[in-house]
Amino acid sequence: DTAVSQTPKYLVTQMGNDKSIKCEQNLGHDTMYWYKQDSKKFLKIMFSYNNKELIINETVPNRFSPKSPDKAHLNLHINSLELGDSAVYFCASSQGQLNTEAFFGQGTRLTVV
Amino acid sequence: AQSVAQPEDQVNVAEGNPLTVKCTYSVSGNPYLFWYVQYPNRGLQFLLKYITGDNLVKGSYGFEAEFNKSQTSFHLKKPSALVSDSALYFCAVLPLGYSTLTFGKGTMLLVSP
C-alpha cells in the first residue's frame, strides 16, 4: 500500500483554469505538507498542517489554498493558474513536526500552457 | 536565517569506488540534519538523520553521514558505490524552533559501471 498518495500524477491545463491536487496518507501521521519543486529541482515548503490546522504558510500567492478535511488528507487548490505555477508538487507527512523524517508522495507534475 | 549548501551540482564516481556528497549548513543552535534521495519521477525517500550523539550516522542502502560541528558539515558517504545509487540527493536541516525542513538545492550522483 502506498503510504502517501497524490492524484493526479500529471496535470496539464491552460492558464486561468482552477485545479486541485489531492493527497492522502495512510500512516496515521498528524502533520502534512505541500512542497513545490521547480525546474531546477529546488524544493520549497508551501504549507504545513498539523491535525487539520494550518501551521506554516510560506510566501505563497493566495491563489493557492490548502484544505484539510481530516488529518489523513491535505488537498491543494489552485485558482487562476499561471505559467509560473508549472512545477512538481509534493505532498508529505510526518508524525509530529520535529525530529522525525517526512514521507513523500510521488509528486504531481503540473504544466500550465 | 537558516540555509543549506550543497556545493556540487553533480558528483561522478565509478562503481565500486567510495562516494562523498557534500553538505554544509548555516543555522543558529544545533539543528537536526537529514539526507533524502530522489529517484527519477519519484518522491523523496528518507536516508538518514542526525539528532544528537555519535557523529557518524548510518542509514539506508549502506549510506552513512558524518556530522562535523566545527565545520558545520554533514557529508553523505558510502564505501562502495552502486550504479543503482545514481539519483538526486538532498541535504536538509530542521533548526530548533522550526517545524519544517529547509532543503539544499540537491546534488546529482552519477555512478558509472
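**A short note on the overall build of chain A**
A tally of regular secondary structure across chain A gives zero helices and eleven strands. In chain A, the succession of α and β elements from N to C terminus is β-β-β-β-β-β-β-β-β-β-β. Relative to the 2.2 N^0.38 estimate, which gives 13 Å for 113 residues, the radius of gyration of chain A is 13 Å and therefore close to what a compact globule would have. Taking contacts inside chain A between residues at least 6 apart in sequence as the whole, the part at least 24 apart equals 55%. Accessible area for chain A stands at about 5600 Å²; split by element, carbon and sulfur atoms hold 49% of it. Distance between charge centres in chain A, computed from 12 positive and 11 negative side chains, equals 7 Å.

**Some details on the interface of chain B and chain A**
In this complex, chain B contributes 20 residues to the contact, which on the side of chain A involves 22 residues. Between chain B and chain A the total buried area reaches about 1700 Å² when both faces are included, carbon and sulfur atoms providing 58% of it. Taken together, the connections running from chain B to chain A amount to one salt bridge. As a salt-bridge pair, E101 of chain A and K49 of chain B come within 3.3 Å of each other at their nearest N and O atoms. Counting the contacts that link chain B with chain A gives three residue pairs in polar contact (both at pLDDT 80 or more). Elements with a minimum of two residues in the side of chain B that touches chain A: β5 (32–38), β6 (44–50) and β10 (87–94) of chain B.

**Focus on the packing of aromatic side chains**
All names here are of chain A. With the rule as written, the count across this model stands at 16 aromatic pairs over all chains. Each ring, one from Y33 and one from Y35, has its centre 6.2 Å from the other, and the planes form 40°; the classification is tilted. The buried category is assigned to Y35, whose relative accessible area is 1%. Relative to F104, the ring of F90 lies with its centre 6.4 Å away and its plane at 75°, an arrangement referred to as edge-to-face.

**Digging into the side chain of D85 of chain B**
Residue and element names in this part refer to chain B. Here D85 shows up in the loop between β9 (73–78) and β10. The buried category is assigned to D85, whose relative accessible area is 3%. When neighbours within four sequence positions are excluded, D85 is seen to be in contact with L19, F63, K78, S80, L109 and V111.

**Details of the pattern of salt bridges**
The full count for this structure, using the stated rule, is seven salt bridges over all chains. Among the salt bridges present, the one from R63 of chain A reaches E82 of chain A, with a minimum N-O distance of 3.5 Å. Taken together, the residues span a long stretch of sequence, with R63 of chain A in the loop between β6 (53–57) and β7 (64–70) and E82 of chain A in the loop between β8 (73–78) and β9 (87–94) at a distance of 19 residues. With a relative accessible area of 13%, R63 of chain A lands in the buried category. Residue classification places E82 of chain A among the partly exposed residues on the basis of a relative accessible area of 41%. Put simply, D85 of chain B and K78 of chain B hold a salt bridge, and the shortest N to O gap is 2.8 Å. Shared partners join several salt bridges into a network, and the residues in it are R63, E82 and D85 of chain A.

Thresholds, definitions, all that
- Along each chain, the written sequence defines residue order, and numbers are assigned to residues from 1.
- Labels follow written order: the first chain is A, the first ligand is 1, and so on.
- The predicted nature of this model means local features are confined to residues of pLDDT at least 70 and side-chain atom pairs, given and counted, to a pLDDT of 80 or more, with totals for whole chains, interfaces and linings taken over all residues.
- Only hydrogens and water are removed before side-chain values are computed, so all heavy atoms of the structure are retained for them.
- Strands here mean DSSP runs of E at least two residues long; helices mean DSSP runs of H or I at least four residues long; both are numbered from the N terminus.
- When we talk radius of gyration, it's over C-alpha atoms, and the globule rule is simply 2.2 Å times the number of residues to the 0.38.
- Whether two residues are in contact is decided by their heavy atoms, any of which lying within 4.5 Å being enough.
- Accessible areas in this description were obtained via Shrake-Rupley with a 1.4 Å probe; residue shielding takes into account the shown protein chains only.
- In this tally, Asp and Glu contribute negative charge and Lys and Arg positive charge; neither His nor the terminal groups of the chain are included.
- Where a charge lies is defined by one atom per residue type: Lys uses NZ, Arg uses CZ, Asp uses CG and Glu uses CD.
- Two parts placed together each lose some accessible area; with a 1.4 Å probe, that loss summed over both constitutes the buried area.
- We count a salt bridge whenever a side-chain nitrogen from Lys or Arg sits within 4 Å of a carboxyl oxygen from Asp or Glu.
- Polar contact is defined as a pair of N or O atoms within 3.5 Å, subject to the rule that within protein one atom must be able to donate a hydrogen and the other to accept it, and that residues adjacent in sequence are counted only when both atoms are side-chain atoms.
- In this scheme Phe, Tyr and Trp rings, the latter by its six-membered ring, pair at centre separations within 6.5 Å, and the angle between planes marks the pair as stacked below 30 degrees, edge-to-face above 60, and tilted otherwise.
- The buried label goes to any residue with under 20% of its type's maximum accessible area, the exposed label to any with over 50%, and the partly exposed label to all in between, with areas taken from a 1.4 Å probe on protein chains only.

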